[in-house]
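Understanding the architecture of this molecule
This is what each chain is made of:
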Amino acid sequence: MTTSMAQISPVTLSLESAHRLAVAATKEAEEIGIPYTVTIVNGGGNVVHVSRMDGAALASIDTSLAKARTSVYFGAATADLAGAVQPGAPLYTIPTSTVLPLAFVAGAVPVADSAGVVIGAVGAGGGSPQQDHEVAISAASGL
């Protein structure tokens with residue numbers, strides 16, 4: 001019998017990497033002067049790291065997670081997905097057809113490995129959608 005653990009999924013994002021993403025996001029949030037919650041998920045949409053700055057809105061905990069999950073599920077920035085859920089658009093009913101909450105508003109970006117495979121996502125909540133997007137972009141560039 002071997003003592004090593006089996007790898008369940010090749011889509012991984014380490015805690016160390018998630019922490020670096022959160023630190024980069026926090027620096028950007030401090031520069032714009034707004035307290036944020038930043039949630040980093042792995043390639044399966046599961047939480048790896050959450051950071052809530054002092055004073056960040058309580059709702060930002062849930063919204064940052066929903067944004068991160070949406071970004072990793074679709075492999076795209078949530079800012080780019082907003083139009084797809086408008087009335088008459090191809091994904092119009094998708095937000096109501098999933099068990100876990102999704103958020104099609106700017107504020108999350110996917111994180112890819114060196115081969116371009118999406119291994120996670122960063123979701124940010126606390127400011128306007130554009131500010132949230134900027135914080136998420138800053139985080140992703142910190143990896």
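Please refer to the structure placed before this passage.
These lines cover the structure that appears in this document, whether it is placed above or below.

Rules used in this analysis
Residues numbered from 1 in each chain as written. Predicted model: local features only at pLDDT ≥ 70, side-chain atom pairs only at ≥ 80, totals over all residues. Heavy atoms only, no water. Buried < 20%, exposed > 50% of the residue type's maximum accessible area, 1.4 Å probe, protein only. Helix = DSSP H or I, 4+ residues; strand = E, 2+ residues; numbered from the N terminus. Pairing = 2+ DSSP bridges. Salt bridge = Lys/Arg side-chain N within 4 Å of Asp/Glu carboxyl O. Expected span 1.5 Å × (residues − 1). Contact = heavy atoms within 4.5 Å. Polar contact = N/O pair within 3.5 Å; in protein donor to acceptor, adjacent residues only side chain to side chain. Phe/Tyr/Trp six-rings, centres within 6.5 Å; stacked < 30°, edge-to-face > 60°.

**Some thoughts on the pairing of strand S4 (residues 118–125)**
The element S4 is extensively covered by neighbouring structure, given that seven of its eight residues are classed as buried. Taken together, the six bridges between strand S1 (residues 37–42) and S4 define a ladder with antiparallel strand orientation. What sits directly across from Asn42, in S4, is Gly120. Relative to S4, strand S3 (residues 108–112) is paired through five bridges, and the arrangement is antiparallel. Paired with Pro110 across the strands is Ala121, a residue of S4.

**Details of the pattern of salt bridges**
On inspection of all chains with the given rule, the structure shows two salt bridges. For the salt bridge of Arg20 with Glu16, the shortest nitrogen-to-oxygen distance reads 3.2 Å. Residue Arg20 and its partner Glu16 are both found in helix H1 (residues 15–32); the two are separated by four residues, about one turn of the helix.

**What about H1?**
Residues separated by three or four positions in an α-helix point in the same direction, a consequence of the helix having 3.6 residues per turn. The terminal C-alpha atoms of H1 lie 26 Å apart, and with 18 residues this matches the ideal 26 Å at 1.5 Å per residue to within 8%. Of all the residues in H1, the buried ones are Ser17, Ala18, Leu21, Ala22, Ala24, Ala25, Thr26, Glu28 and Ala29. On its buried face, H1 sits against S1, strand S2 (47–52), S3, S4 and helix H4 (129–140). Downstream of H1 by one or two residues, Gly33 has phi in the positive range, about 80°.

**Concerning the side chain of Ser71**
By the secondary structure assignment, Ser71 is in helix H2 (residues 59–74). From its side chain, Ser71 meets the backbone oxygen of Ala76 in a polar contact 2.8 Å long. Setting aside its immediate chain neighbours within four residues, Ser71 contacts Ala76, Ala77, Thr78, Ala108, Val109, Pro110 and Ala121.

**What about the packing of aromatic side chains?**
With the rule as written, the count across this model stands at one aromatic pair. For the ring pair Phe74 and Phe104, a centre distance of 5.6 Å and an interplane angle of 65° mean the geometry is edge-to-face. With Phe74 in helix H2 and Phe104 in the loop between helix H3 (78–81) and S3, the pair connects residues that are 30 residues apart, well separated along the chain. Exposure remark for Phe74: the relative accessible area of 30% places this residue in the partly exposed category. The buried category is assigned to Phe104, whose relative accessible area is 13%.

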